[in-house]
Amino acid sequence: MSSSVVSLNYWTTTSSAVMLSAPTRTTGWLAEGGVPVAPGSSVDSGFGGGIWLHCPARLRRGLEIRGSKARAMMQPVGKCWRSVISRAILASDMGAEEEVGRSRCFLGARNEEELLFCISKEVEAGNLSSDIATRMEELYYNYRDAVMQSGVPNATEIILSNMAVTFDRILLDVEDPFSFCPYHKAIREPFDYYMFGQNYVRPLIDFRTSFIGNLSLFFDMEEKLKKGHNIVLFSNHQTEPDPALISLLLERTNSYFTEKMVFVAGDRVVTDPLCKPFSMGRNLICVYSKKHMHDIPELVEMKRRANTRSLKEMALLLRKGSQVIWIAPSGGRDRPDPLTGQWHPAPFDASSVDNMRRLVDHSGVVGHIYPLAMLCYEVMPPPPEVEKQIGERRKFSFHGIGLSVAPEMNYNEITAGCENPEMIFTL
């Protein structure tokens, strides 16, 4: 079973495949307020529906997105794309002011020079290693350059505010490391790590050229979730901030759904000091990816036991019902073909797909499985090759992204013509 089929021309979904392409920047009539009709959109087809996340003034009222079972008003993201991207983190908004007894150097920085000086100051005080300090500086410059691409007037303010809180969170975790349990619930207070991640990633998205396919299916899933059903999303995986990108695209229409999402996460995002603060704001099932299972041979058995505990936690969650679980059966991020440079969704691991299907079937709760497609690699592409060492370089870009879901997958219908369906995933 493969995760999706690649097309270079458009993003849409069909009942049997999900096709991906990069959303491109649009000029002319779109920039003046037009809403393009994309393949699979509600204007183009009665199936599902899709929207471009642009907000022309003359269409802000009364325009509906219709689907087979759901209807929703088209919502502008923020008041319009510029107000969306201009949001910045304030420490007081996130709850940071309730924490006392530690240095607040980063939060007091008034400009770029003072912020970077705080890194040097913490190194001299022995609070940061030179390696982490170097990576923090690189993170700052890469984030700064990406946000400046947006062209918003207050980009400098956004960069300083977001990076100050990010560095503050990194330092806090270095001084007092947080340990993730097999099932981690998002930390929302006293510091709201969820909104911290949302507001940090938000300025990296070009909402003018971002697209949601088959929006009505997200409403269908949310309705099922509220009835106590379980939802599992089999998805490709492209960037570290995939969870935030999903939530940001759906925050105006399906915030209940996205805040309930539980992400199956590899050990990299819960051990890297620069990534941990963002992971703390997400509901996670923590596992060791098969791609890194044998990086250190003497730890293989420990990792297997840890994965067994995580599977048990997932089974318990599914028995409770009203869960939405996102999993990338490929076990890692998509990467470009080394010869052509073209991006292809990484192949799904058949055993991972079947394990999830069995967990859903044996939970005792009604469950639904959907294929999800993401196209967002430009925002934060992974390293060209899988790296064993923790501490990858993080590059950013201001870019449009895409998200689409296809109809529910029915195992019995898919395997109706097979003599022994249970053998499909063991071949």
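Residues numbered from 1 in each chain as written. Predicted model: local features only at pLDDT ≥ 70, side-chain atom pairs only at ≥ 80, totals over all residues. Heavy atoms only, no water.

- For the chain, an unreviewed UniProt entry supplies the name Glycerol-3-phosphate acyltransferase, chloroplastic and the organism Musa troglodytarum.
- Taken verbatim from the UniProt record of the chain, the Subcellular location (unreviewed entry) comment is "Plastid, Chloroplast stroma".
- The Catalytic activity (unreviewed entry) field of the UniProt record for the chain holds the comment "sn-glycerol 3-phosphate + an acyl-CoA = a 1-acyl-sn-glycero-3-phosphate + CoA". (UniProt positions renumbered as here; feature names shortened; annotations may be inferred.)

Some words on helix H6 (residues 193-201)
Line of reasoning, step 1. The buried fraction of H6 is high, at 8 of 9 residues.
Line of reasoning, step 2. Within the span of H6, buried status applies to Tyr193, Tyr194, Phe196, Gly197, Gln198, Asn199, Tyr200 and Val201. (Buried < 20%, exposed > 50% of the residue type's maximum accessible area, 1.4 Å probe, protein only. Helix = DSSP H or I, 4+ residues; strand = E, 2+ residues; numbered from the N terminus.)

Re the UniProt feature "short sequence motif: HXXXXD motif" (unreviewed entry) in the chain
Line of reasoning, step 1. Following the UniProt record, one finds the feature "short sequence motif: HXXXXD motif" (unreviewed entry) at residues 237-242.
Line of reasoning, step 2. For residues 237-242, the helix share is 17%, the strand share is 0%, and the end-to-end C-alpha distance is 7 Å.

Notes on unusual backbone geometry
Line of reasoning, step 1. Going from Glu189 to Pro190, the amide bond is cis rather than trans, its omega being 0 degrees.
Line of reasoning, step 2. Residue position: Pro190 is located in the loop between strand E7 (183-184) and H6.
Line of reasoning, step 3. Look at Asn214: it is not a glycine, yet its phi comes out positive at around 55 degrees.
Line of reasoning, step 4. Along the chain, Asn214 falls in the loop between strand E8 (211-213) and helix H7 (215-226).
Line of reasoning, step 5. Within the chain, Ser322 stands out as a residue other than glycine whose phi angle is a positive 55 degrees.
Line of reasoning, step 6. Within the secondary structure, Ser322 is located in the loop between helix H11 (300-320) and strand E12 (324-327).
Line of reasoning, step 7. Classification of Ser322 as buried rests on a relative accessible area of 15%.

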